[in-house]
Amino acid sequence: LLLDLGRGPDGDRLPVIDGLGPIDAILFSHGHVDHTGGLVLWEALGKPALYATRPTIELSNHVELKTAIPLEDCGEIHGIALETGACGHAPGAVWMRLGGEDGLVYSGDVSLESTLFQSSLPPRAKALIFDASYGVADVRLCDQIAEIDHALDGGPVLFPCPAGGRGLEMARHFLEDGWPVSLCPSHRQVARTLLSH
């Protein structure tokens, strides 16, 4: 099983797949490019089965990922027990435990601070594979929000945020503070997808 197939994080670099051997399935933790952008290598890997959460599949721009099997429907993959839980990082993002307590937990980014995306701590396992390619933020999310609030002067503000990131959380925060908010079509699509799942 291949856990995520991304591009980057430094520029547009693809992973080296030479010598990987046969891949039976690729499991995607969420839809960000550093976890799905390597799908251009799918054919070179022998077109293994793809698995992702329903929101990740629905929001994907990758034609290949649109054919993925929903992780929510799987109690096992190729005979390996699978459990998933929300990891708070992005729409549809999950941690995965493969092989039960004697197996491993994989998470491609985690946020326990999100005010919009659900999160839960994964169960115990013998091994942990945790993608932390971008490191840890020096400032807590609540402090970042307070800093933005302090900088606002009452005039119109444009926040160019990726739809799969913190944009909806920011919009909700500003709405709760009484600000008028407009969302671009991409953010509206993410909101509709989250509401439908």
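Below you will find a few notes about this structure. (Residues numbered from 1 in each chain as written. Predicted model: local features only at pLDDT ≥ 70, side-chain atom pairs only at ≥ 80, totals over all residues. Heavy atoms only, no water.)

1. A word on the nonpolar core
As a rule of thumb, soluble globular proteins bury nonpolar side chains together.
Reasoning step 1: In terms of nonpolar packing, the biggest core is built from 15 residues, with L5, I26, F28, L45 and L50 touching the most fellow members.
Reasoning step 2: A25, V94, M96 and L98 belong to the second largest nonpolar core, which has 12 residues in total. (Core = buried A, V, L, I, M, F, W, Y, C linked by side-chain atoms within 4.5 Å. Buried < 20%, exposed > 50% of the residue type's maximum accessible area, 1.4 Å probe, protein only.)

2. Describing the sheet that holds strand 6 (residues 80–86)
Reasoning step 1: If you trace the 5 strands from one edge of the open sheet to the other, you get 5-6-7-8-9, paired in mixed fashion. Two strands lie at the open edges of the sheet, namely strand 5 (76–77) and strand 9 (127–130), each paired on one side alone.
Reasoning step 2: One ladder, built from 5 bridges, connects strand 6 with strand 7 (residues 94–98); its direction is antiparallel. By the bridge assignment for strand 7, E83 is matched with R97. (Pairing = 2+ DSSP bridges. Helix = DSSP H or I, 4+ residues; strand = E, 2+ residues; numbered from the N terminus.)

3. So, the sheet that holds strand 2 (residues 25–27)
Neighbouring strands of a sheet are bound in pairs by backbone hydrogen bonds; such pairs are parallel or else antiparallel.
Reasoning step 1: Reading across the sheet, the 4 strands line up as 1-2-3-4 and stay open at both edges, with parallel pairing between neighbours. Of all the strands in the sheet, just strand 1 (2–3) and strand 4 (69–70) have a single pairing partner and so form its edges.
Reasoning step 2: Strand direction decides the pairing type here: strand 3 (residues 49–52) and strand 4, joined by 2 bridges, are parallel. In the strand pairing of strand 4, A52 is matched with P70.

4. What about the pairing of strand 8 (residues 104–107)?
Reasoning step 1: Taken together, the 4 bridges between strand 7 and strand 8 define a ladder with antiparallel strand orientation. Note that in strand 8 the partner of L98 across the bridge is L104.
Reasoning step 2: Between strand 7 and strand 8, which pair antiparallel and follow one another directly, the connecting turn spans 5 residues, one of which, G99, has a positive phi of 85 degrees.
Reasoning step 3: Inspection of the sheet shows strand 8 paired to strand 9 by 4 bridges, in the parallel sense. Paired with Y106 across the strands is I129, a residue of strand 9.

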